[in-house]
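Below, each chain spelled out in residue letters.
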Amino acid sequence: MPARPIHVIVIGAGTGGMCLAHGLRRAGISVAVYERYRNRSDGLLGYRVGVNPTGCRALRECLPPDLFTTFLATTARAPGYFNVLTGQLHRTASFALRPDADPTSIDQSVSRMTLRQVLLTGMDDVVHFGKTFTHYEQHDDRVTAYFSDGTSATGDLLVAADGTHSAVRRQYLPHAKVRDAGSINIANKIPLTEQTRALLTEEMHRGISLIFGAGGVMGVLHVMEFKWDQCGSVKPGVGVTDARLLAQWPGLLFDNTRDCINLIVWSAADRFPPDVMQLRGERLAEVARDLTRNWHPHLRELLRRADVNSVIPIKVATSVPVEPWPSSNVTLLGDAIHTMTPGRGVGANTALRDAALLHRQLVAAAAGAKPLLGGVADYESEMIRYGFARVADSLRTNGTNGDDPIYKPVIGRLAMLAARGYFSVTSRLPPLRRRFVDELYNYRGAET
Ligand SMILES: Cc1cc2nc3c(=O)[nH]c(=O)nc-3n(C[C@H](O)[C@H](O)[C@H](O)COP(=O)(O)OP(=O)(O)OC[C@H]3O[C@@H](n4cnc5c(N)ncnc54)[C@H](O)[C@@H]3O)c2cc1C
């Protein structure tokens, strides 16, 4: 089969769309990305995303090598422990994580805003901002995307990377539904200062802490410490290579991520005021404090010190698995096809995995090793299998499903005790403890 030049149109400059765009451009395949935000600082949140070994490998495969090294330089200190605590800060379990010998075999703590800046680096000629996709038309073997400003773009393949509420999916697979998972998160960002640091134990400071609050209120706390200070200057003691990369990287100019504590609180949606999704600022922060009335004074003090401008409500959604469909010159990746709850922390990682896989298939098609639609079909059959498996695992985990037994009136208490009991026993018996840590790494894609 002769090699064939192809032009790929990507809708959405998020995690998956930009990873794919980098991979295609590196391989010499023509690509253009259309993003509804007006510029690279628009609509960004600085919350943590844990980029696991699967996600890291995808980034290493698709980004230019110097940008991948810059990505590693922009990560926060990796967590050393996975802690399980009660709302009263009693330690149920603490698992030491593996030391970070190889940066692609551990979870990297990344600010979502910083990751976006990394992914937008050097892509000015590829990304078109202020382009809200409205619909597409397929004609012969080409496809045209239309935007709300009256413009359009034509290519050989249209990739939906436009997230949970994907307009491409609504047109292409109208039967593929995303449903409310029945739980709500309130995300709080607390500046890391001497005072807020003093409210954390050493294990909390150095780890990720999952909190089982009495009465069915859950939490997760991460400390994010970067290699730059409050003014955006590289901190003393940072290695010369990272210091040089950060000093040269223009992305930091667009990014106001600074050292902070992320404390996300969640529960079944019926525990929240009906208008919670409309609340912002101090009124929303008050809802989080109200839910956690019986938590330890240190956690309550952290919530009191949250930056009220960064407090956000998140209605957790999950996709309903769909049967495979006949492939065409429209395809989907990431949340656009398999939105999942944050239960296993793999939504972004699965979007990155999709991007690397689709990129490989398109490289083969462009080289003439297979027809374009054959590459899309091979991508979809694999992506549908692992993507919806991750959706199911995520829904079962950590009370991100509003129907979880921990939220039920009578059995809820027992379900909470059973969940904590599992962590407690597992952490105390060395063989179970080792197996727990091994399974955690295997699930997150570490190579053994
Ligand atoms: C609280 C929380 C914590 C999370 N933590 C983790 C974690 O630790 N690890 C992890 O792996 N995942 C995590 N996730 C999930 C992760 O954020 C998503 O799965 C991931 O960002 C999906 O990437 P994507 O590329 O599919 O979509 P996105 O990154 O959402 O990008 C979609 C892009 O499309 C654009 N767009 C949308 N509509 C249009 C349109 N009509 N026209 C043009 N552009 C459009 C959007 O503006 C956006 O830029 C978390 C999610 C939440 C809510």
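Residues numbered from 1 in each chain as written. Predicted model: local features only at pLDDT ≥ 70, side-chain atom pairs only at ≥ 80, totals over all residues. Heavy atoms only, no water.

## As for the overall build of the chain
- If you tally the helices and strands in the chain, you get 15 helices and 17 strands.
- Expected size for 448 residues packed as a compact globule is a radius of gyration near 22 Å; at 22 Å, the chain falls within 12% of this value.
- Here the C-alpha coordinates of the chain stretch approximately 65 × 50 × 45 Å along the principal axes.
- With 448 residues in all, the chain has 57% of them scored as buried.
- Within the chain, contacts between residues at least 6 apart in sequence are counted, and of these 76% link residues at least 24 apart. (Helix = DSSP H or I, 4+ residues; strand = E, 2+ residues; numbered from the N terminus. Rg over C-alpha atoms; globule rule 2.2 N^0.38 Å. Buried < 20%, exposed > 50% of the residue type's maximum accessible area, 1.4 Å probe, protein only. Contact = heavy atoms within 4.5 Å.)

## Description of the sheet that holds strand β12 (residues 178-191)
- Here we have seven strands laid out as an open sheet, ordered β5-β4-β13-β14-β15-β12-β16, and mixed in their pairing. Strand pairing shows two members of the sheet lacking a second neighbour, β5 (91-96) and β16 (312-319), which therefore form its edges. Ignoring which end each strand starts from, the neighbouring axes of this sheet average 20° apart.
- Where strand β4 (residues 81-86) meets strand β13 (residues 207-213), six bridges bridge the pair, whose relative direction is parallel. Counted as the bridge partner of valine 84 is leucine 210 from β13.
- Contacts from helix α15 (residues 430-443) reach β4 and β5, with the element oriented near 65° to β5. (Pairing = 2+ DSSP bridges. Axes fitted to C-alpha atoms, helices over the stretch in contact; angles between N-to-C directions.)

## Regarding the state of the cysteines
- With the rule as written, the count across this model stands at zero disulfides.
- Cysteine 231 takes part in no disulfide bond, and the closest cysteine sulfur to it belongs to cysteine 260, at a distance of 16 Å. (Disulfide = S-S within 2.5 Å.)

## A look at the site of the ligand
- The ligand sits among 29 residues. The nearest are Gly16, Glu35, Arg112, Arg116 and Asp335.
- Note that an oxygen atom of the ligand is positioned 2.8 Å from one of the side-chain N or O atoms of arginine 36.
- Within the backbone of glycine 345, a nitrogen or oxygen atom sits 2.9 Å from a nitrogen atom of the ligand.
- Expressed as a share of its isolated accessible area of 1,000 Å², the protein-covered part of the ligand is 85%.
- For the shell around the ligand, the secondary structure elements donating two or more residues are α1 (15-26), β3 (48-51), α4 (112-120) and α12 (347-366).
- Residue contributions to the shell around the ligand peak at four residues, all from α12.
- Its residues assigned to classes, the shell around the ligand comprises 10 nonpolar, 12 polar and seven charged. (Near = heavy atom within 4 Å. Polar contact = N/O pair within 3.5 Å; in protein donor to acceptor, adjacent residues only side chain to side chain. Areas by Shrake-Rupley, 256 points an atom, 1.4 Å probe, with all protein chains shown as cover. Nonpolar A, V, L, I, M, F, W, Y, C, P; charged D, E, K, R; others polar.)

## Points about the sheet that holds strand β1 (residues 7-11)
- Overall, parallel pairing links the five strands, which are arranged β7-β2-β1-β11-β17 in an open sheet. The open sheet is flanked by β7 (127-128) and β17 (330-332), the only strands paired with a single partner.
- Bridge count between strand β2 (residues 30-34) and β7: two bridges; the pairing is parallel. Counted as the bridge partner of valine 33 is valine 127 from β7.

## So, unusual backbone geometry
- Positive phi, normally seen in glycine, also occurs at leucine 89, with a value near 65°.
- Here leucine 89 is to be found in the loop between β4 and β5.

## A few points about the pattern of salt bridges
- Applying the stated criterion across every chain, the model contains 22 salt bridges.
- Salt-bridge contacts for aspartate 290 lead to arginine 293; the nearest nitrogen and oxygen are separated by 3.5 Å.
- Its relative accessible area of 44% is what places aspartate 290 among the partly exposed residues.
- Assessed through its relative accessible area of 56%, arginine 293 is described here as exposed.
- Overlapping salt bridges bring together Arg197, Glu202 and Arg206 as one network. (Salt bridge = Lys/Arg side-chain N within 4 Å of Asp/Glu carboxyl O.)

## Comments concerning the nonpolar core
- Counting residues in hydrophobic clusters, the biggest one holds 87 residues, and the most contacted among them are Val8, Ile11, Leu59, Phe71, Phe133, Leu158 and Trp325.
- Excluding anything up to four places from it in sequence, tryptophan 325 contacts Tyr172, Leu173, Leu332, Ile337, Glu380, Met383 and Ile384.
- Residues Leu85, Ile211, Leu284 and Leu303 belong to the second largest nonpolar core, which totals 30 residues. (Core = buried A, V, L, I, M, F, W, Y, C linked by side-chain atoms within 4.5 Å.)

## Brief notes about the environment of isoleucine 208
- Among the structural elements, isoleucine 208 can be located in strand β13.
- When the C-alpha atoms of isoleucine 208 and alanine 269 are compared, they prove to be 24 Å apart, with 61 residues separating the residues in sequence.
- Leave out the neighbours within four places in its chain, and isoleucine 208 touches Arg48, Pro79, Tyr81, Phe82, Asn83, Val220, Leu221 and His222.

Shape descriptors only; they carry no functional weight alone.
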